[in-house]
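Residues per chain are reported as follows:
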Amino acid sequence: MEKIYYIDSENVGDSWIELLDELTQLDSRLIVFYTKHSPRMTYQQTIQLMNSANKPEFIECHEGSNALDFQLVSYLGYELCADRTKEMIIVSKDTGFDSVVHFWQERGMQVKRVPTPNQLHVQRTAPKTVFPAVPTPIAASTGEVSGQTHSRKKASKQAHSAHADRTEIAGS
């Protein structure tokens, strides 16, 4: 299974370079999101990068409040739309990504966040998921989640019905 690593370089600095030695699988990709606020690489790291079998992609991000985070998440969604079979791994200490991880996990996608590259070593011996299991998504045909009616969908149907009644009365 292809794995794509989304690196928040403003947050994890240059620690992502450790992944170069770990990514011996040619079906893994590394995408580094950076701005002018991202740390600079040393000559030793540059040499390591040049000698790596897996060359990372670099995406320069627009700057602003949480701008890199939004661009990283947008790109992740774009990649998921293109191919839902990949495992997406966000490398960032920013727990704000957890809501995105849960969003995609609830829809059956393989997305997780690790705070640092060395956390990937721990996860190889530990269970694969970082987060507890999420509930089954809402069934489109029934509007139910694990046997319970989804209240927002029910409320929406009631509002639509009330609107139809008002439209019918107004048209009489």
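All of these numbers come straight from a predicted model, not from anything done at the bench. (Residues numbered from 1 in each chain as written. Predicted model: local features only at pLDDT ≥ 70, side-chain atom pairs only at ≥ 80, totals over all residues. Heavy atoms only, no water.)

Novice: A description of the overall build of the protein should follow, citing residues and the corresponding values.
Specialist: Each helix and strand counted, the protein has seven helices and seven strands in total. The buried share among the 172 residues of the protein stands at 35%. Of all intrachain contacts in the protein linking residues separated by at least 6 positions in sequence, the fraction that spans at least 24 positions is 69%. Accessible area of the protein: about 10700 Å², with a carbon and sulfur share of 55%. (Helix = DSSP H or I, 4+ residues; strand = E, 2+ residues; numbered from the N terminus. Buried < 20%, exposed > 50% of the residue type's maximum accessible area, 1.4 Å probe, protein only. Contact = heavy atoms within 4.5 Å. Areas by Shrake-Rupley, 256 points an atom, 1.4 Å probe, with all protein chains shown as cover.)

Novice: Give a detailed account of the sheet that holds strand β2 (residues 28–34), specifying residues and quantitative values.
Specialist: In spatial order, the strands read β3-β2-β1-β4-β5; together these five strands make up an open sheet with parallel pairing. The open sheet has two edge strands, β3 (57–60) and β5 (110–114), and neither has a second partner. Each strand of the sheet is rotated relative to its neighbour by a mean of 20°, with strand direction disregarded. As judged from the five bridges shared by strand β4 (residues 87–91) and β5, these two strands associate in the parallel manner. Each bridged residue has a counterpart across the sheet, and for I90 the counterpart in β5 is R113. (Pairing = 2+ DSSP bridges. Axes fitted to C-alpha atoms, helices over the stretch in contact; angles between N-to-C directions.)

Novice: Let's hear about the packing of aromatic side chains: which residues, and what values?
Specialist: Summed over all chains, the structure comprises six aromatic pairs. Taken together, a centroid distance of 5.1 Å and an interplanar angle of 85° make the contact between F103 and W104 edge-to-face. What links up through ring pairs into an aromatic cluster is the set Y6, F33, Y75 and Y78. (Phe/Tyr/Trp six-rings, centres within 6.5 Å; stacked < 30°, edge-to-face > 60°.)

Novice: Kindly report on helix α4 (residues 67–82), identifying the contributing residues and their values.
Specialist: The end-to-end C-alpha separation of α4 is 23 Å, in line with the 22 Å expected for 16 residues at 1.5 Å each. Every buried residue belonging to α4 is among A67, L68, D69, L72, L76, G77, E79 and L80, and all of these are buried. The elements touched by buried residues of α4 are β1 (3–8), α1 (9–12), β2, β4, α5 (98–105) and β5. (Expected span 1.5 Å × (residues − 1).)

Novice: Lay out the nonpolar core with the relevant residues and their values.
Specialist: By size, the foremost hydrophobic cluster in this structure holds 15 residues, and its most contacted members are Y6, F33, L72, L76, M88, I90 and V111. Contributing elements (two or more residues each) for this core: β1, β2, α4 and β4. Top element by residues in this core is α4. It accounts for four residues. With residues near it in sequence (within four places) discarded, V111 still touches L76, L80, M88, V101, W104 and Q105. Counting 13 residues, the second-largest nonpolar core is a separate cluster that includes V12, L19, I89 and V114. (Core = buried A, V, L, I, M, F, W, Y, C linked by side-chain atoms within 4.5 Å.)

Novice: Explain the pairing of β3 to me, and be specific about the residues and the numbers.
Specialist: Both β2 and β3 contribute to a ladder of four bridges, which runs parallel. Paired with V32 across the strands is F58, a residue of β3. With helix α3 (residues 43–51) bridging β2 and the parallel β3, this β-α-β connection has right-handed handedness. (Right-handed = clockwise from strand over helix to strand, strands pointing away.)

Novice: How would you sum up the pairing of β4? Please name residues and give values.
Specialist: The buried fraction of β4 amounts to five of the five residues, a majority that puts the element mostly inside the structure. Neither face of β4 is left uncovered, since the one carrying E87, I89 and V91 and the one carrying M88 and I90 both have all their residues buried. Relative to β4, β1 is paired through five bridges, and the arrangement is parallel. Its bridge partner being in β4, K3 is matched across the sheet by E87. Between β4 and its parallel partner β5, the chain crosses via α5, and the hand of that crossover is right-handed.

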